[in-house]
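Here is how the chains run, residue by residue.
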Amino acid sequence: MNPLLQRLQPYPFERLRALLAGVVPEPQWRPINLGIGEPRHPTPAVLKDALHAAIERTDAGLAVYPATAGTTALRQACARWVQRRYGVTLDPDTQVLPTLGSREALFALAQVVIDPRAFATGEEPVVVCPNPFYQIYEGAALLAGAQPWYAPCDPARNFAVDWDRVPASVWARTRLLYACSPGNPTGAVMPLAEWERLFALSDRYGFVIASDECYSEIYFRDEPPLGALQAAQLLGRSGFERLIVLTSLSKRSNAPGLRSGFVAGDAKLIRAFTLYRTYHGSAMSVAVQQASAAAWDDEAHVQANRAQYREKFERVTPLLAQVLDVRLPDAGFYLWAGVPGGDDLAFARALHAHYNVTVLPGRFLARDVDGRNPGAGRVRLALVAELDECLEAAERIVRFVRTASASSPAS
């Protein structure tokens with residue numbers, strides 16, 4: 001067996017199941033799960049209708065192997081969306097590649113970027129990622145034989161990543177950096193100055209930047225989040241050298257089961273990634289590609305989806321702010337909330353036991369650095385259910401915290 005598999009950490013939801021094992025919730029409360037970030041709004045009709053029509057047609061492509069590079073029609077639809085959303089013009093033949101969602105692409109990219117010849121020098125390559133973070137970044141680094149380095153988030157700046165805390169000696173060994181904007185779990189969006197800083201570091205040290213932007217269409221202010229390609233263009237970096245962005249329809253279109261996304265950016269990286277994926281066997285069904293193209297070309301369902309999230313966050317956040325350290329994020333569908341007493345494990349377990357609400361302890365989404373876990377004392381709440389269910393969960397949490405506070409010895 002590959003010994004690198006032994007370096008992988010248990011996935012957050014595996015740790016959550018272990019934490020809650022043996023807990024029997026109070027029977028009067030129906031279960032509400034805010035722990036997993038899985039969209040629960042209906043998948044839009046425009047996507048389902050296009051998928052149905054594609055399967056019904058005799059040319060649906062089910063009898064042939066799909067091309068790794070995808071159809072011209074899908075790549076063009078992706079490029080059109082990037083142009084509308086960010087004002088960035090891409091060559092759909094050289095700068096866009098369909099993927100099976102963003103998760104597998106985030107993982108596979110490390111296998112493309114990490115040069116195994118580096119191991120012969122005895123200097124282990126580094127993959128930098130935020131802390132807390134989406135665990136695929138860490139797994140991708142470990143299984144590529146690289147060393148993850150966890151850049152801390154700054155609570156004083158709404159949990160934006162403090163890239164200045166990464167030492168020059170680490171940057172010198174860095175081959176890949178994962179940025180996530182809007183961030184998971186914090187919802188922080190990177191401003192132009194932060195991108196300028198990362199691009200300068202990439203120029204100096206030669207590492208690739210992978211920008212995970214799967215939450216880009218769920219935001220709460222008038223101005224949409226800045227994207228990496230958009231930032232690069234604003235800074236005169238039209239070739240997108242050493243930059244690749246990853247996005248998907250999972251959150252934007254409530255279609256995680258479709259497994260459809262794309263990567264875009266540096267044509268040289270896209271060419272290498274296409275070669276890798278040809279051998280990896282990662283090609284999207286033609287029927288799924290046709291449905292995906294229809295989804296990327298439609299904005300009405302995205303606007304309706306965003307409006308639902310805005311209402312939920314506008315109504316739920318003030319409720320929770322009565323008892324938790326929480327505020328509206330820049331974007332995304334998570335609240336990153338500090339808990340009374342600072343013990344996120346005990347909070348999650350007791351909340352599940354007494355009120356049958358499941359939340360994810362923040363320390364499960366981060367790693368200890370210098371004896372401190374930046375997720376400790378916080379929980380991630382995914383407001384993915386319908387409004388009434390999210391409001392009910394918030395009301396239970398308020399009741400739980402107030403009841404616990406009233407019964408504590410200090411009270």
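Heads up: the structure comes first, above all this text.
Here's what I pulled together on the structure shown here. Since this is a predicted model, take the numbers as computed values, not measurements.

Turning our attention to unusual backbone geometry. The peptide bond linking S181 to P182 adopts the cis configuration, its omega dihedral lying at -5°. The residue P182 is located in the loop between β6 (174-180) and α7 (192-205) in this model. Cis rather than trans, the peptide bond between N184 and P185 has omega equal to 15°. Summarising the element assignment, P185 is placed in the loop between β6 and α7. Of note in the backbone geometry, F240 takes a positive phi value of approximately 55° without being a glycine. Residue position: F240 is located in the loop between α8 (228-234) and β8 (243-248). Given the relative accessible area of 3%, F240 is considered buried. One non-glycine residue, R242, adopts positive backbone phi at about 60°. By the secondary structure assignment, R242 is in the loop between α8 and β8.

The next point concerns the nonpolar core. Counting 98 residues, the largest nonpolar core has W195, F347 and I397 as its most contacted members. The element contributing the most residues to this core is helix α14 (residues 387-407), with 9 residues. If we ignore the near neighbours within four places in the chain, the residues touching F347 are L324, V339, P340, V359, V379, I397, F400 and V401. With 30 residues, the next largest nonpolar core counts L97, A108, A141 and L269 among its residues.

Next up on the list: a nonpolar patch on the surface. On the surface, M1, L5 and L8 cluster together into a nonpolar patch covering about 350 Å² of accessible area. With respect to the element layout, L8 can be found in the segment before α1 (12-20).

Our next topic: the side chain of E389. Note on placement: E389 falls in helix α14. According to the relative accessible area criterion, E389 is buried, its value standing at 14%. Discounting residues that sit within four places of it in the chain, E389 has contacts with R30, I32 and R40.

About the cut-offs
Residues numbered from 1 in each chain as written. Predicted model: local features only at pLDDT ≥ 70, side-chain atom pairs only at ≥ 80, totals over all residues. Heavy atoms only, no water. Helix = DSSP H or I, 4+ residues; strand = E, 2+ residues; numbered from the N terminus. Buried < 20%, exposed > 50% of the residue type's maximum accessible area, 1.4 Å probe, protein only. Core = buried A, V, L, I, M, F, W, Y, C linked by side-chain atoms within 4.5 Å. Contact = heavy atoms within 4.5 Å. Patch = residues over 30% accessible without salt bridge, like charges linked within 9 Å, V, L, I, M, F, W, Y side chains within 5 Å. Areas by Shrake-Rupley, 256 points an atom, 1.4 Å probe, with all protein chains shown as cover. Salt bridge = Lys/Arg side-chain N within 4 Å of Asp/Glu carboxyl O.

This is a description of form; function is not addressed.
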